[in-house]
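Understanding the architecture of this molecule
Each chain, letter by letter, is given below.
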Protein chains: 2
Amino acid sequence: MNLAFIGTGIMGLPMAGHLLAAGHRVTVTSRTKSRVEPLLAKGATWADSPAAAAKDASVVFTCVPDTPDVESVLLGKGGVIESARAGLIVVDHSTISPSATREMAAKLVERGTTLLDAPVSGGDIGAKNATLSIMVGGDAAAFATAEPLLRHMGKTITHCGGIGTGQLTKLVNQILVSVTNLAVCEALTFAKKAGLDLPKTIQAVGGGAAGSWQLTNLGPRMITGDFAPGFMIKLQQKDLRLVAEATKELGLDLQALQRVTELFDRAGAEGRGNEGTQALFAMV
Amino acid sequence: MNLAFIGTGIMGLPMAGHLLAAGHRVTVTSRTKSRVEPLLAKGATWADSPAAAAKDASVVFTCVPDTPDVESVLLGKGGVIESARAGLIVVDHSTISPSATREMAAKLVERGTTLLDAPVSGGDIGAKNATLSIMVGGDAAAFATAEPLLRHMGKTITHCGGIGTGQLTKLVNQILVSVTNLAVCEALTFAKKAGLDLPKTIQAVGGGAAGSWQLTNLGPRMITGDFAPGFMIKLQQKDLRLVAEATKELGLDLQALQRVTELFDRAGAEGRGNEGTQALFAMV
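Residues numbered from 1 in each chain as written. Chains lettered and ligands numbered in written order. Predicted model: local features only at pLDDT ≥ 70, side-chain atom pairs only at ≥ 80, totals over all residues. Heavy atoms only, no water.

1. With respect to the overall build of chain A
Across its full length, chain A holds 12 helices and 9 strands. A globule of 284 residues ought to have a C-alpha radius of gyration of about 19 Å, and chain A, at 20 Å, matches this closely. Seen along its three principal axes, the alpha-carbon backbone of chain A occupies a region of about 65 × 45 × 35 Å. Put simply, of all contacts in chain A between residues at least 6 apart along the chain, 67% involve residues at least 24 apart. (Helix = DSSP H or I, 4+ residues; strand = E, 2+ residues; numbered from the N terminus. Rg over C-alpha atoms; globule rule 2.2 N^0.38 Å. Contact = heavy atoms within 4.5 Å.)

See below:
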């Protein structure tokens, strides 16, 4: 199948590589051409703009940092919309605003082009190993076309519902990730202050009802002060800003979420943006 | 070995049963004699008081509701201390105050008797299946004697450190359990308000970095309004009261913990004490 992939950063590069490896023809474009060299070496074709990349593609994938970046590659000058046509499917893997997603979908559908929002979780390791969780919102027929392609990149592929529900589900994911992280931070702060043996404490409680991915994976790094990034605080801040916009739209007051958002923002303001989210332990 | 078991409620009854099944001679006492009938039928011996139960035992187990109950069976009239002697080991499975535990240990040690605090987690199902996590504080030699007996009742047995550290580790467990529960409640409240398909949402996010025991086990009950108790809110309130006492002693201000404590207390005040902790979902 003729595919296009726009945005080949830490996530996009290995994801586009899986599509190539599966035998598809992939045209790529990115802000920095040098970044896509590994893909060109494997047979990908370079295009000078998103519009050019999308011209002969059946499905276009985008994976860029934030809402304005998606708006730019889809609707801006040289954007996908310039070559958009009936039957084209655009799959957006970026984590961005659910309401902006719905607005962009409405503009693309005027050209007969269908947008699926398909944010991912699982980090760079999940992208490399094709074990991502992919949360997809949008038209069911377009999903049915895209799903076999998504299976090259991820393990848990969920069609969540209509347009925007992929992004909303990703925000649910980020609320869980960050408040559970806070649970681990508060519990280990108690343990430390109480003078407990911290590795032993994690081992004693981690296997039961207190257990979580955050405790098992971040707890040991918190207690040794290993703040090297798995998922960077500045990216968590970006996702929590999207969560805050959505909770405001929905009229929700979620207090633990608000607390952890404040702590991450404080961490960012203290220059910890490039540290991993486990550095929250230093902020509680 | 000659053992005694004091307090045969939902947890103590199956736990004492495992010791009997392993071939030990077990003397039992409880507030209500009718409760121990199943154990007497399996060969346990009845004693009229904790002191009488402990008289010929090498190891005495206690499993009663709260700090005053432990103080009563150990130090009160007819309590274990009346027959306590050099070499006796008392293993307290109750979840109670760490500082009260240290004080009781100091009184027993004057008689040559060693107290181990050994609170458990895993609920009535863990007690029945002998898969409890048991967090033990106290003298290492006494722990070495008790450990083979604890293996009849639990799967993860951790010697956490000196006297009181078992209780402190249990409190760490309860901070994790309750704040992670709050994370699930806030995330699913967002999902519900956003109009997402809730079972699909749990499935989409539960396997990755957002995953926890609370999400997997309580999430599905929250979204169907199944508030039947696994672990009752009134017991969670009791444990969080112990946590609050300890955080105050340690001079800690843990805000998500404080929020979830308030919500459980409000749930209790609204008459939800006998519901399961997943009913927190109705309070967020």
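2. What about the relation of the copies chain A and chain B?
Copy one and copy two of the chain differ by a rotation about an axis and a translation along that axis. Once chain A is rotated about the relating axis by 180 degrees and shifted along it by 0.0 Å, it coincides with chain B to within an RMSD of 0.0 Å. In the structure described here, the two chain copies are related by an operation that fits a two-fold rotation axis. Minimal C-alpha separation from the rotation axis in chain A is found for Ser212 of chain A, amounting to 1.9 Å. Comparing interface residues between copies, 100% of those in chain A also sit at the interface in chain B, which points to an isologous, same-surface contact. (Least-squares fit on C-alpha atoms with pLDDT ≥ 70 in both.)

3. Re the pattern of salt bridges
All names here are of chain A. Throughout the structure, instances matching the rule amount to 14 salt bridges over all chains. Between Arg241 and Asp66 there is a salt bridge; the shortest N-O distance is 2.6 Å. One end of the pair, Arg241, is in helix H11 (residues 233–250); the other, Asp66, is in the loop between strand E4 (59–62) and helix H4 (67–75), and 175 residues separate them in sequence. Since its relative accessible area comes to 15%, Asp66 is described here as buried. For the salt bridge of Arg272 with Glu275, the shortest nitrogen-to-oxygen distance reads 2.7 Å. We classify Glu275 as partly exposed; its relative accessible area is 23%. Because the salt bridges share partners, they merge into one network encompassing Asp66, Arg241 and Glu245. (Salt bridge = Lys/Arg side-chain N within 4 Å of Asp/Glu carboxyl O. Buried < 20%, exposed > 50% of the residue type's maximum accessible area, 1.4 Å probe, protein only.)

4. A few points about the UniProt feature "domain: 6-phosphogluconate dehydrogenase NADP-binding" (unreviewed entry) in chain A
As annotated in UniProt, the feature "domain: 6-phosphogluconate dehydrogenase NADP-binding" (unreviewed entry) corresponds to residues 3–161 of chain A in the numbering used here. Spanning residues 3–161 of chain A, this segment combines 37% helix with 25% strand, and its end C-alpha atoms are found 24 Å apart. (UniProt positions renumbered as here; feature names shortened; annotations may be inferred.)

5. Things to note about the interface of chain A and chain B
Opposite the 53 residues of chain A that make contact, chain B presents 53 residues. Carbon and sulfur atoms supply 72% of the area buried between chain A and chain B, which totals about 4,500 Å² over both sides. Taken as a group, Leu176, Glu186 and Phe190 of chain A account for 15% of the area that chain A buries against chain B, more than any other trio of residues on that side. Remark: the boundary between chain A and chain B carries 13 residue pairs in polar contact (both at pLDDT 80 or more). Of all the elements in the fold, those that place two or more residues in the side of chain A that touches chain B are strand E8 (132–137), strand E9 (154–161), helix H8 (165–193), helix H9 (198–205), helix H10 (213–224), H11 and helix H12 (255–269) of chain A. At 20 residues, H8 of chain A tops the list of elements feeding residues into the side of chain A that touches chain B. Of the residues in the side of chain A that touches chain B, the class split is 31 nonpolar, 17 polar and 5 charged. (Buried area = accessible area lost by both parts, 1.4 Å probe. Polar contact = N/O pair within 3.5 Å; in protein donor to acceptor, adjacent residues only side chain to side chain. Nonpolar A, V, L, I, M, F, W, Y, C, P; charged D, E, K, R; others polar.)

6. Describing empty space enclosed by the protein
All names here are of chain B. Tallied over the entire structure, the rule returns 1 cavity of 30 Å³ or more. Estimated volume of the largest cavity: approximately 30 Å³. Among the secondary structure elements, those contributing two or more residues to the lining of the largest cavity are helix H5 (98–109) and helix H11 (233–250). Sorting elements by how many residues they give to the lining of the largest cavity places H11 first, with 4 residues. (1 Å grid on protein atoms, 1.4 Å probe; cavity = no way out; pocket = protein on both sides within 12 Å on 5 of 7 lines; lining within 4 Å. Points joined across faces, edges and corners; volume = space filled by probe spheres on them.)

7. Structural notes on H5 of chain B
Residue and element names in this part refer to chain B. End to end, H5 covers 17 Å across 12 residues, agreeing with the expected 16 Å (1.5 Å per residue, within 8%). Regarding H5, the residues found buried are Pro98, Ser99, Ala100, Thr101, Met104, Ala105 and Leu108. On its buried side, H5 packs onto helix H4 (67–75), strand E6 (114–117), helix H8 (165–193) and H11. (Expected span 1.5 Å × (residues − 1).)

8. Section: the UniProt feature "active site" (unreviewed entry) in chain A
Residues and elements named next belong to chain A. In the UniProt entry, the feature "active site" (unreviewed entry) is given for Lys170. With respect to the helices and strands, the residue Lys170 is situated in helix H8. A relative accessible area of 6% means that Lys170 is categorised as buried. Those residues within four positions of Lys170 in sequence are excluded, and the remaining contacts are Thr95, Pro119, Val120, Ser121, Met135 and Asp239. Polar side-chain contacts of Lys170 include one of 2.9 Å to the backbone oxygen of Val120.

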